[in-house]
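Residues per chain are reported as follows:
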Amino acid sequence: MHIAKKLAQVNPSATLAVSQKTAQMKAAGADVIDLSVGQPDFTTPDDIANAAIASIKDGSASFYTPAAGLPALRRAIADHVAKKTGYRYEPNQIVATDGAKFALYGIFTAILDEGDGVLIPLPGWVSYVEQVRLAGGVPQAVKSQKGFKVTVDDLDAVVTSKTRALVLNSPQNPSGVIYTKQELTLIGNWAVRHNILIIADEIYSDLVYNGANYTSMLQLDHSIVENTVLVSGVSKSYAMTGWRVGFIAAPKKLAQAMATIVSHATGNPAAASQYAAIAAFTGDQASVEKMRQAFEERLNTVYPLLKAIPGFEFDGKPDGAFYLFPNVRAAVKATGFESTDKFVTALLDDTGVAVVPGRAFGMPDYIRLSYAKGLDDLVEAAKRINSFVTANGNA
Ligand SMILES: Cc1ncc(COP(=O)(O)O)c(C=O)c1O
């Protein structure tokens, strides 16, 4: 069996690998607290689920829809984006996709010729690097000189004449940092000057805490917006990871290319999911705010507990998304483990707490913990991690 050479460089999703092991342990009866997951623990709000059920029952979900999505969904997304950012796209600039994950893959497929580069700031979501490779491109990791946000200087150090795009994820998975308007403007102008497309992954834009300010790339100058493709979806804001609806909002040429790609690659996202997404974008947004408040309370509860663990160092409290990303180098050293990966494996085996090693996000001294879990579980997990570090300390 011949497998394409490009696959040899592509790693399976590390977060899904941890989740699989955790699920196996759970099935075997282990007392597991899974903080590796990248999804809300809430179920989809009823009004959204009911819209899908109605579309199944009345038969409208039985059929193919236009590949780029139902016209009503593309209109609903355009309205939703306009309400959130003040920038209005035409519905034909919107393409609905099978999750934001395929939106990103489709963009890379649309813009990359063999060997073209994409700037990916570290830490970065696990799939960016692998998707770029799958699309025949070259991931160009960008390290920040300070903290988790990259600057124009950091980008200048990596950019080449083959660079086509920059992925900017704010609020960021895994660190939870949010770029300020000023930081985005500097980066946006730099990208325009270099003719580099900005892929603005704003999937966590509703999950912002403790009064932090969030600016969308679409709130900047038109020259920047016209050089940007927005990626988002319903997964995180509406507790809809299983429904698989994402979207891009883009300049017309890119939206058309994307529509061609989805028409051959996936066809339309499941029709029932699209009806649910219309309800999500057009319905009462109270449930989004309720879930946001729950995440905020969890962050405020668990952050100080984790910060108090010996050898866990944070670069400030996260402002968004639902992850914590401490540097655990000192804890790994003090507990005598060879690497963060070994520390993470022993933590799961000994205490049942699952987290993701930072290597998956390009930063091996870190771990990612999701706080999309109930408060009791989070407090218990922090207790177990603390005992684990303390018990193995000064090994
Ligand atoms: C930063 C980021 N972008 C995109 C996605 C993809 O989301 P989905 O495919 O569920 O819409 C995720 C999911 O974890 C993510 O964390």
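We now turn to the structure provided with this report. Position numbers for residues start from 1 in each chain and track the written sequence from start to end. For this predicted model, a pLDDT threshold of at least 70 governs which residues receive local features, and a threshold of 80 or more governs which side-chain atom pairs are given and counted, while totals over whole chains, interfaces and linings are taken from all residues. As a rule here, side-chain values cover all heavy atoms of the structure and leave hydrogens and water aside.

Some remarks on the overall build of the protein
Stage number 1. Secondary structure summary: the protein contains 14 helices and twelve strands in total.
Stage number 2. It is over C-alpha atoms that the radius of gyration is taken, and the globule rule equals 2.2 Å times the number of residues to the power 0.38. Expected size for 395 residues packed as a compact globule is a radius of gyration near 21 Å; at 21 Å, the protein falls within 12% of this value.
Stage number 3. Here the C-alpha coordinates of the protein stretch approximately 60 × 55 × 55 Å along the principal axes.
Stage number 4. Summary of the burial criterion: residues with accessible area below 20% of their type's maximum are buried, those above 50% are exposed, and those between are partly exposed, where the area comes from a 1.4 Å probe applied to protein chains only. Burial status across the protein gives 55% buried among its 395 residues.
Stage number 5. In this description, contact between two residues means that some pair of their heavy atoms is separated by no more than 4.5 Å. For the protein, long-range pairs separated by at least 24 residues make up 75% of all intrachain contacts whose partners lie at least 6 apart in sequence.
Stage number 6. Summed over all atoms, the accessible surface of the protein reaches about 17,000 Å², with 52% contributed by carbon and sulfur.
Stage number 7. For the charge count, each Lys or Arg is scored as positive and each Asp or Glu as negative, with His and the chain ends excluded. A charged residue contributes its charge at one atom only: NZ of Lys, CZ of Arg, CG of Asp or CD of Glu. Charge centroids of the protein, computed over 36 positive and 37 negative side chains, lie 3 Å from each other. Only runs of H or I of at least four residues qualify as helices and only runs of E of at least two qualify as strands under DSSP, and these elements are numbered from the N terminus. What sets the accessible areas is the Shrake-Rupley method with a 1.4 Å probe; for residues, cover comes only from the shown protein chains.

Quick notes on the pattern of salt bridges
Stage number 1. When a carboxyl oxygen of Asp or Glu lies within 4 Å of a side-chain nitrogen of Lys or Arg, that pair is called a salt bridge. Taken as a whole and judged by the stated rule, the model has 15 salt bridges.
Stage number 2. The shortest N-O distance in the salt bridge between R164 and D116 comes to 3.0 Å. One end of the pair, R164, is in strand β5 (residues 163-169); the other, D116, is in the loop between α4 (99-111) and β3 (117-121), with 48 residues separating them in the sequence.
Stage number 3. For the salt bridge of D341 with R359, the shortest nitrogen-to-oxygen distance reads 2.6 Å. Placement of D341 in helix α13 (residues 340-351) and of R359 in the loop between β11 (356-357) and β12 (367-370) is noted, with a sequence separation of 18 residues between them.
Stage number 4. Classification of R359 by relative accessible area gives exposed; the value is 51%.
Stage number 5. The network of salt bridges with shared partners includes D31, E380, K383 and R384.

Quick look at the pairing of strand β7 (residues 228-233)
Stage number 1. Taking burial as the measure, the six residues of β7 include six buried ones, the bulk of the element.
Stage number 2. Across the two faces of β7 the burial is the same, with T228, L230 and S232 and V229, V231 and G233 all buried.
Stage number 3. Where strand β6 (residues 197-201) meets β7, four bridges bridge the pair, whose relative direction is parallel. When the bridges of β7 are listed, A200 appears paired with L230. Only strands joined by at least two bridges in the DSSP assignment are considered to pair.

Details of the sheet that holds strand β4 (residues 138-142)
Stage number 1. One open sheet holds the seven strands; their spatial order is β2-β8-β7-β6-β5-β3-β4, and the pairing between them is mixed. The sheet terminates laterally at β2 (94-97) and β4, the two strands that pair on one side only. For this sheet, the mean inter-axis angle between neighbouring strands, taken without regard to orientation, is 20 degrees.
Stage number 2. Its contacts with the sheet put α4 on β2, β3, β5, β6, β7 and β8 (246-249), and the angle it makes with β6 is roughly 175 degrees.
Stage number 3. Of the strands in this sheet, β3, β5 and β6 are in contact with helix α7 (residues 181-193), which crosses β5 at around 165 degrees. Fitted lines through C-alpha atoms serve as axes, helices being fitted only where they are in contact, and the angles separating the N-to-C directions of these axes extend from 0 to 180 degrees.

As for the sheet that holds β11
Stage number 1. Spatial ordering of the open sheet is given by β9-β12-β11, a layout of three strands whose pairing is antiparallel. Where the open sheet ends on each side, the last strands, each with one partner, are β9 (323-324) and β11.
Stage number 2. Alignment of β9 against β12, held across two bridges, turns out to be antiparallel. Looking at β12, one finds that L324 is bridged to L369.

Some remarks on helix α1 (residues 14-27)
Stage number 1. One fewer than the residue count of a helix, multiplied by 1.5 Å, yields its expected span. End to end, α1 covers 20 Å across 14 residues, agreeing with the expected 20 Å (1.5 Å per residue, within 8%).
Stage number 2. Within α1, burial applies to T15, V18, S19, T22 and M25. When α1 is viewed along its axis, its buried side chains cluster within an angular range of 120 degrees and face the same direction. Seen from the buried face of α1, the exposed residues on the opposite side, beyond 90 degrees, are Q20, Q24 and A27.
Stage number 3. Looking at the residues trailing α1, positive phi occurs at G29, about 95 degrees. Arc definition: it is the arc formed by the directions from the helix axis to the C-beta atoms.

Regarding unusual backbone geometry
Most peptide bonds are trans, and most residues other than glycine sit at a negative phi.
Stage number 1. A cis geometry characterises the amide bond from L122 onward to P123, with omega recorded as 0 degrees.
Stage number 2. Residue position: P123 is located in the loop between β3 and α5 (126-134).
Stage number 3. With an omega of 20 degrees, the peptide bond running from N173 to P174 counts as cis.
Stage number 4. Residue placement: P174 occurs in the loop between β5 and α7.

Examining the pairing of β3
Stage number 1. Here β3 lies mainly inside the structure; five of its five residues are buried.
Stage number 2. Residues of β3 alternate between two faces, with G117, L119 and P121 on one and V118 and I120 on the opposite face, all of them buried.
Stage number 3. Crossovers are marked right-handed if the path from the first strand over the helix to the second runs clockwise, as seen with the strands pointing away from the viewer. In this fold, the crossover linking β3 to β4 by way of α5 has right-handed handedness.
Stage number 4. Relative to β5, β3 is paired through three bridges, and the arrangement is parallel. Paired with V118 across the two strands is A165, which belongs to β5.

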